[in-house]
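Coordinate inspection notes
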Amino acid sequence: MLLDLSFKQIQEYAEQKHLPKFRGKQIFDAILNAKPASQTNLPKQVLQQIESDYPHFEIVKKLISKDGTIKYALRMGDGQVIESVLMHHDYGTTLCVSSQVGCAMGCKFCASSLNGLVRNLSAGEILQQVAMVNKDLGGSVKKRAITNIVLMGMGEPLDNYQNVTKFLQLACDEDSFNFSQRNITLSTCGIVPKIYQLADDGFSVTLTISLHAVSDAKRKKTMPIANKYSIKQIISACKYYFNKTGRRISFEYALIADENDSMQDAEKLAHLVRGLNCHINVIPLNDVKERGLKGTQIKKAYAFVEKLNSLGVNATKRRSMGEDIAGACGQLRQSVVKEES
Ligand code: SAH
């Protein structure tokens, strides 16, 4: 697919098709500005030549939350529908992108893995989410309407390492959207060797760890990945990542009523991250009806955050966005696929 290619590669592609150089530039502009093939200024003959490689741009559904968050359902070339969520913050506009169709991680509180992993998204399909939403907001490749990207949609980004890192390169390419890595956040449930690899491969995006428990025993109850890697191994990998990149680490901690939300949990959490330059995002668990776990009451969530702060830990309660349109953390799923097929 053409969105998998850099500007230079598209020029080579055009050359191989015996097209003049300026056609390469036209194709590149058209796809990054998410123009459906029929709306480009490319002649019919050229379109016929590139048809099978041209991206499929189709917004299947767009839901707008009362807080302004927008959930997009986007159809990929093979018919799979994925979700991306746009959020407005005072510091900018953040797009939450999916990295896989479904997810193999099986976290007990999350909707994304209810049907397991269907397939990885290609780098171009992840970039396509940026291109399409940017266009929908009235932006263009030169005048971006999206300031930040978070890889926090459906899927585990480090379980699709090759495509995700290629996406990072494409999104940060100055011929393309020219994002800075510091405006991109990658969230992982903690695939330890890939955290080291990310640092060693020279990436410096903001790293977020989905922690959600303070002991391995507790973590194993909700996150199968905890059977593979311990919290201790995760923290060591975070230290390595911080030392290599200088980027402050974030942790996600979803409060589950009577599971991980006691004051002792807060104390243990503070102890775990001691000495690490980090920030903890605390959020009461969002509802996922099939999962049956309950989020902590808001008052108790504030008390949890205060406890962390009193112990010298940088922590805030995160505002949940888009809950009324099932666009909040852990609520992205494949439901649209089922409705459509
Ligand atoms: N697989 C990656 C990327 C997904 S990001 C990861 O695990 O980090 C989505 C975030 O939402 C993760 O922090 C995930 O643990 C969290 N999450 C999942 N279900 C949730 C729920 N029901 N309520 C709140 N957060 C949830």
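All values reported here derive from a predicted model rather than from experimental measurement.

For the rest of this paragraph, the subject is the overall build of the protein chain. Assigned secondary structure in the protein chain consists of eleven helices and twelve strands. Structurally, the protein chain occupies a C-alpha span of about 70 × 45 × 35 Å along its principal axes. Each of the 341 residues in the protein chain was classed as buried or not, and the buried ones make up 55%. In the protein chain, the proportion of contacts linking residues at least 24 apart, taken out of those at least 6 apart, comes to 66%. Total accessible area on the protein chain stands at roughly 15000 Å², and carbon and sulfur atoms take up 48% of it. Positive and negative side-chain charges of the protein chain, numbering 44 and 34 respectively, have mean locations separated by a distance of 3 Å.

It is worth spelling out the side chain of Asn33 at this point. When you line up the elements, Asn33 lands in the loop between helix H2 (21-32) and helix H3 (44-50). Accessibility expressed as a relative area gives 19% for Asn33, which makes it buried. Of note is the side chain of Asn33, whose polar atom sits 3.0 Å from the backbone oxygen of Asp29.

What surrounds the ligand is a group of 18 residues, the closest being Glu156, Ser187, Ser210, His212 and Asn286. One of the side-chain nitrogen or oxygen atoms of His212 is found 2.6 Å away from an oxygen atom of the ligand. When the free accessible area of the ligand is taken as 530 Å², the share hidden by the protein chains comes to 94%. Class assignment for the residues of the shell around the ligand results in eight nonpolar, eight polar and two charged.

Moving on, we come to the packing of helix H1 (residues 7-16) against H2. Running from N to C, H1 and H2 cross one another at 130°; their axes reach a closest spacing of 8 Å. Judged on the interaxial angle alone, H2 and H1 are oblique. Between H1 and H2 lies a crossing of right-handed hand. Of H2, the residues touching H1 (which contributes Phe7, Ile10, Gln11 and Ala14) are Lys21, Gly24, Lys25, Ile27, Phe28 and Ile31. A class-by-class count of the residues in the contact of H1 with H2 yields six nonpolar, two polar and two charged.

Mean pLDDT for the protein chain: 94, with 98% of residues reaching 70 or above. Across residues 337-341 the pLDDT falls below 50, and counting only partners more than four positions away or on other chains, this stretch makes six contacts in the model.

Once that is clear, we can look at H2. What sets the pattern is the α-helix's 3.6 residues per turn: residues three or four places apart point alike. The end-to-end C-alpha distance of H2, which contains twelve residues, comes to 17 Å, matching closely the 16 Å that a straight helix rising 1.5 Å per residue would cover. Among all positions of H2, only Arg23, Gly24, Gln26, Ile27, Phe28, Ala30, Ile31 and Leu32 are buried. Packed against the buried residues of H2 are H1, H3 and helix H4 (123-136). Looking at the residues trailing H2, positive phi occurs at Ala34, about 55°.

Rules of the game
- Residues numbered from 1 in each chain as written.
- Predicted model: local features only at pLDDT ≥ 70, side-chain atom pairs only at ≥ 80, totals over all residues.
- Heavy atoms only, no water.
- Helix = DSSP H or I, 4+ residues; strand = E, 2+ residues; numbered from the N terminus.
- Buried < 20%, exposed > 50% of the residue type's maximum accessible area, 1.4 Å probe, protein only.
- Contact = heavy atoms within 4.5 Å.
- Areas by Shrake-Rupley, 256 points an atom, 1.4 Å probe, with all protein chains shown as cover.
- Lys, Arg positive; Asp, Glu negative; His and termini not counted.
- Charge placed at Lys NZ, Arg CZ, Asp CG, Glu CD.
- Polar contact = N/O pair within 3.5 Å; in protein donor to acceptor, adjacent residues only side chain to side chain.
- Near = heavy atom within 4 Å.
- Nonpolar A, V, L, I, M, F, W, Y, C, P; charged D, E, K, R; others polar.
- Axes fitted to C-alpha atoms, helices over the stretch in contact; angles between N-to-C directions.
- Parallel < 35°, antiparallel > 145°, perpendicular 65-115°, else oblique.
- Left-handed = near helix turned anticlockwise from the far one by under 90°.
- pLDDT = per-residue confidence, 0-100.
- Expected span 1.5 Å × (residues − 1).

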